[in-house]
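Here is what each chain is made of, one letter per residue.
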Amino acid sequence: MKIGIAADHAGFKNKEALKLFLKEKGYEYEDFGAHTMDPKDDYSDIVKPLALAISEQKIDKGIAICGSGVGVSVAANKFKGVRAALISEHYSAHQGVEHDDLNLLCMGGRVIGTALIEELTVAFLEAKFIDHGRFQRRLDKVKAIEELNFKNL
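Notes on the structure in this doc start here. Being a predicted model, the structure only gives us computed values, none of them experimental.

**Quick look at the overall build of the protein chain**
So, step 1. If you tally the helices and strands in the protein chain, you get six helices and five strands.
So, step 2. Seen in sequence order, the protein chain has helices and strands lined up from the N terminus as β-α-β-α-β-α-β-α-β-α-α.
So, step 3. Expected size for 153 residues packed as a compact globule is a radius of gyration near 15 Å; at 15 Å, the protein chain falls within 12% of this value.
So, step 4. Once the C-alpha set of the protein chain is aligned to its principal axes, its extents read approximately 40 × 35 × 25 Å.
So, step 5. Taken across its 153 residues, the protein chain has 50% of its residues classed as buried.
So, step 6. Sequence-distant contacts in the protein chain: of pairs separated by 6 or more residues, those separated by 24 or more amount to 69%.

Next up, the structure:
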């Protein structure tokens with residue numbers, strides 16, 4: 001599985017800690033930035049390369065962290081094929097993948113701590129989409145909406 005991570009200044013320390021955790025757990029990842037702490041950076045600029053990599057199917061799953069997680073979620077969902085959600089508890093971290101094929105986990109570095117970020121990351125990365133029945137039907141409907149709204153791009 002190809003994993004990408006990104007964070008703005010408000011999630012930078014969390015991302016750096018997450019890199020160590022992912023390495024310790026044996027996950028390989030690509031760091032899409034920020035690569036330095038810059039209090040003037042913007043979440044939309046930071047999440048763009050990660051969301052584009054997901055959209056272009058260069059990576060399978062992504063993790064983005066900003067102050068609340070809202071900004072990176074909103075910006076990332078502007079890319080075709082990206083299904084990003086702000087997650088702050090265990091159930092949705094795996095259920096979002098299993099039922100909705102979530103491919104970008106968004107979290108708030110100013111809202112949740114390192115231990116919870118690690119727990120949610122593992123739940124998200126280990127979950128698999130249930131690609132049949134009502135879950136596939138619902139995902140197909142979401143993809144149809146996406147096709148309609150991205151048809152001129």
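**Structural notes on the sheet that holds strand 4 (residues 84-86)**
So, step 1. Ordered by their spatial adjacency, five strands build an open sheet running 2-1-3-5-4, and the pairing between neighbours is parallel. One side of each edge strand has no neighbouring strand; the edge strands of this open sheet are strand 2 (29-31) and strand 4. On average, adjacent strands in this sheet sit at an angle of 20° to one another, irrespective of strand direction.
So, step 2. The strands that helix 1 (residues 12-25) touches are strand 1 (3-7), strand 2 and strand 3 (61-66); relative to strand 1, the one it contacts most, it runs at about 155°.
So, step 3. The sheet strands contacting helix 2 (residues 43-55) are strand 1, strand 3 and strand 5 (104-108), and the helix crosses strand 3 at an angle near 175°.

**Things to note about the state of the cysteines**
So, step 1. In total, this model carries zero disulfides according to the counting rule given.
So, step 2. Considering cysteine sulfurs only, Cys 106 is the nearest to Cys 66, which forms no disulfide, with 7.5 Å between them.
So, step 3. Look at Cys 66 and you get buried, because its relative accessible area is 4%.

**Some words on the environment of His 94**
So, step 1. Here His 94 lies in helix 4 (residues 90-100).
So, step 2. Considering only alpha carbons, one finds His 94 and Glu 126, 32 residues apart in sequence, at a separation of 7.6 Å.
So, step 3. In this structure His 94 touches Ala 123 and Ala 127, once residues within four positions along its chain are discounted.

**Examining the packing of helix 1 against helix 5 (residues 114-126)**
Two numbers describe a pair of packed helices, the interaxial angle and the distance between the axes.
So, step 1. Direction vectors running N to C along helix 1 and helix 5 enclose 55°, while the axes themselves pass 10 Å from each other. It follows from the interaxial angle that helix 1 and helix 5 lie oblique. Crossing of helix 1 against helix 5: the hand is right-handed. Each of Asn 14, Ala 17, Leu 18, Phe 21 and Leu 22 in helix 1 lies in contact with helix 5, whose residues at this interface are Thr 114, Ile 117, Glu 118, Thr 121, Val 122 and Leu 125.

**Here's the deal with the pattern of salt bridges**
So, step 1. Enumeration according to the criterion identifies seven salt bridges in this entry.
So, step 2. Lys 19 is the partner of Glu 16 in a salt bridge, and the nearest nitrogen-oxygen pair spans 3.3 Å. One end of the pair is Glu 16 and the other is Lys 19, both in helix 1 and three residues apart, which spans about a single turn.
So, step 3. Relative accessible area serves as the criterion here: at 27%, Glu 16 is assigned to the partly exposed category.
So, step 4. Taking relative accessible area as the criterion, Lys 19 reaches 18% and is therefore assigned buried.
So, step 5. The residue Lys 80 makes a salt bridge to Glu 147 at a minimum N-O spacing of 2.9 Å. Of this pair, Lys 80 sits in the loop between helix 3 (70-76) and strand 4 while Glu 147 sits in helix 6 (residues 133-150), and the two are 67 residues apart along the sequence.

Each value, and the rule that gives it
- Residues numbered from 1 in each chain as written.
- Predicted model: local features only at pLDDT ≥ 70, side-chain atom pairs only at ≥ 80, totals over all residues.
- Heavy atoms only, no water.
- Helix = DSSP H or I, 4+ residues; strand = E, 2+ residues; numbered from the N terminus.
- Rg over C-alpha atoms; globule rule 2.2 N^0.38 Å.
- Buried < 20%, exposed > 50% of the residue type's maximum accessible area, 1.4 Å probe, protein only.
- Contact = heavy atoms within 4.5 Å.
- Pairing = 2+ DSSP bridges.
- Axes fitted to C-alpha atoms, helices over the stretch in contact; angles between N-to-C directions.
- Disulfide = S-S within 2.5 Å.
- Parallel < 35°, antiparallel > 145°, perpendicular 65-115°, else oblique.
- Left-handed = near helix turned anticlockwise from the far one by under 90°.
- Salt bridge = Lys/Arg side-chain N within 4 Å of Asp/Glu carboxyl O.

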